[in-house]
Amino acid sequence: MPMHLPQFETGHCPESGSASEAAITDAVTILRRGGLVAFPTETVYGLGADAENPEALKRLYAVKGRPGYHPVIVHLASAEQLQDWAREIPEAAWQLAKAFWPGPLTLILPRSSRVPDAVTGGQDTVGLRVPAHPLAQKLLQAFGGGIAAPSANRFGKLSPTTAPHVRDDLGTDVDLILDGGSCPVGVESTIVAFRDGQPVILRPGMITESQIAAVLGQSNQNSAEADTAVIRAPGTLASHYAPGTPLILLPPQDLIPVIQQKLAESPAPIGVLARRERPALLPEAPKMVWMVADTAPEGYARALYASLRALDTKGLSVILVEALPDSGEWAAVRDRLKRAAYRA
Ligand code: TXA
Ligand code: MG
């Protein structure tokens, strides 16, 4: 079933392009000239370039700081464009596109001749997505072609979910930022590849394994674990989406004892991200910054990156995060936190 997205706020950031028609026209002009436009999607902000302009893609990779062999997703205005950009599309892909597009789902499919090497890192497949955010839709419809867009952050950092996040990360390296307020989903799309016509989830997102299985009339899915060596997805690198401050994931019952231990051993303040209020026995700021996260997965996901960014600016010695339930609806945020917690 397609996701129900909350109401969009049309936020306004004075230093970036607003959501007006004029801003869309500017964005299209910039893309046609080979420039870079950051735009909101329902998941996170994307850093967009004309998917058919190899020079623009070269600049996109340079600004992103991403190695050239890592593929980027091509965003399209509608599912009707799927056959212009992919070939040998399995029935399951059509079914998923019909059920979830526009929305936070990316399909990995054999590429058509329209897709340049620069988009796919030389692989024979391409990642395609039709985003639901009204500004992304306006931009894609006005542009007409495909917009290649990774998340609008430097490689390995947290994805941006507001226009100021993009500005903080990319500064003047981006030609225009379309400001659509806060992204309502908050974590990156679910990525699905196909093996012999069967779906394989390469990156969990807020469209869950069981929602995908339900659309396809299946009871369970293949696991992506064994497949990531064959199909490359940098989102599946162990360390990705990381804040600068060390982050430790703790089972709920260990949270309070570890907080007490850290407070005793470190003079620097510590950060906590928990799904409950601060118990009165624990100190307040400046010794500790306690953030209360949502108890539901949708709300948790929406706020996750902004919360981690905020905690990351506070000079904390460590961020302690209360671990999440094992169920499928939490898979996307569990995945992002696991990567954020990773230290080589
Ligand atoms: O929600 C999203 O997907 C956001 C918004 C902007 O659409 N985009 C995003 O892009 O997260 P990026 O580049 O940060 O992550 C895209 C992921 C990467 O892990 C990449 O490896 C994978 O998609 N990917 C893209 N094309 C692929 C392909 N042909 N085969 C396997 N993985 C692919
Ligand atoms: Mg990314």
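The rules behind each value
Residues numbered from 1 in each chain as written. Chains lettered and ligands numbered in written order. Predicted model: local features only at pLDDT ≥ 70, side-chain atom pairs only at ≥ 80, totals over all residues. Heavy atoms only, no water. Pairing = 2+ DSSP bridges. Helix = DSSP H or I, 4+ residues; strand = E, 2+ residues; numbered from the N terminus. Contact = heavy atoms within 4.5 Å. Axes fitted to C-alpha atoms, helices over the stretch in contact; angles between N-to-C directions. Parallel < 35°, antiparallel > 145°, perpendicular 65-115°, else oblique. Left-handed = near helix turned anticlockwise from the far one by under 90°. Nonpolar A, V, L, I, M, F, W, Y, C, P; charged D, E, K, R; others polar. Polar contact = N/O pair within 3.5 Å; in protein donor to acceptor, adjacent residues only side chain to side chain. Expected span 1.5 Å × (residues − 1). Buried < 20%, exposed > 50% of the residue type's maximum accessible area, 1.4 Å probe, protein only. Arc of directions from axis to C-beta. Phe/Tyr/Trp six-rings, centres within 6.5 Å; stacked < 30°, edge-to-face > 60°.

Draft legend 1. Up close: the sheet that holds strand β5 (residues 125–129). If you trace the 9 strands from one edge of the open sheet to the other, you get β7-β1-β2-β6-β3-β5-β4-β8-β9, paired in mixed fashion. Both outer strands of the open sheet, β7 (176–177) and β9 (198–203), are each paired with one neighbouring strand and no more. Where strand β1 (residues 37–40) and β7 come together, 2 bridges link them in parallel fashion. Of the residues in β7, the one forming a bridge with V37 is L176. In the packing of helix α2 (residues 54–64) onto the sheet, the strands contacted are β2 (45–50) and β6 (147–148), and the crossing angle to β2 comes to about 150 degrees.

Draft legend 2. Region of interest: the packing of helix α10 (residues 297–312) against helix α11 (residues 331–341). Contact geometry for α10 and α11: axes closest at 10 Å, N-to-C directions at 15 degrees. By the criterion of interaxial angle, the relationship of α10 to α11 is roughly parallel. Of the two elements, α10 crosses α11, and the hand of that crossing is left-handed. Of α11, the residues touching α10 (which contributes Y300, A301, L304, Y305 and L308) are V333, R336 and L337. Considering only residue class, the contact of α10 with α11 consists of 7 nonpolar, no polar and 1 charged.

Draft legend 3. Structural detail: the side chain of E42. Structurally, E42 is set in the loop between β1 and β2. From its side chain, E42 meets the backbone nitrogen of H133 in a polar contact 3.3 Å long.

Draft legend 4. Structural detail: helix α1 (residues 21–32). With 12 residues, α1 should cover 16 Å at 1.5 Å per step; its first-to-last C-alpha distance of 17 Å lies within 8% of that length. When α1 is considered as a whole, its buried residues turn out to be A23, I24, A27, V28, I30 and L31. For α1, the buried positions fall inside an angular range of 160 degrees around the axis, keeping them on one side. Residues of α1 that are exposed and point over 90 degrees away from its buried face: E21 and R32. On its buried face, α1 is in contact with β1, β2, α6 (134–143), β6 and β7. Positive backbone phi, approximately 90 degrees, marks G34, located one or two places after α1.

Draft legend 5. Geometry of the pairing of β1. Of the two faces of β1, both are covered, the one formed by V37 and F39 as well as the one formed by A38 and P40. As paired elements, β1 and β2 share 4 bridges and run antiparallel to each other. Pairing of F39 across the sheet is with G46, part of β2. The hairpin formed by β1 and β2 contains 4 residues between the paired strands.

Draft legend 6. Representation of the packing of aromatic side chains. Counted by the stated rule, this structure contains 1 aromatic pair. Here Y300 and W330 contribute two aromatic rings whose centre-to-centre distance is 5.5 Å and whose plane-to-plane angle is 80 degrees, an arrangement assigned as edge-to-face. Of this pair, Y300 sits in helix α10 while W330 is found in the loop between β13 (319–322) and α11, placing the two residues 30 residues apart along the sequence.

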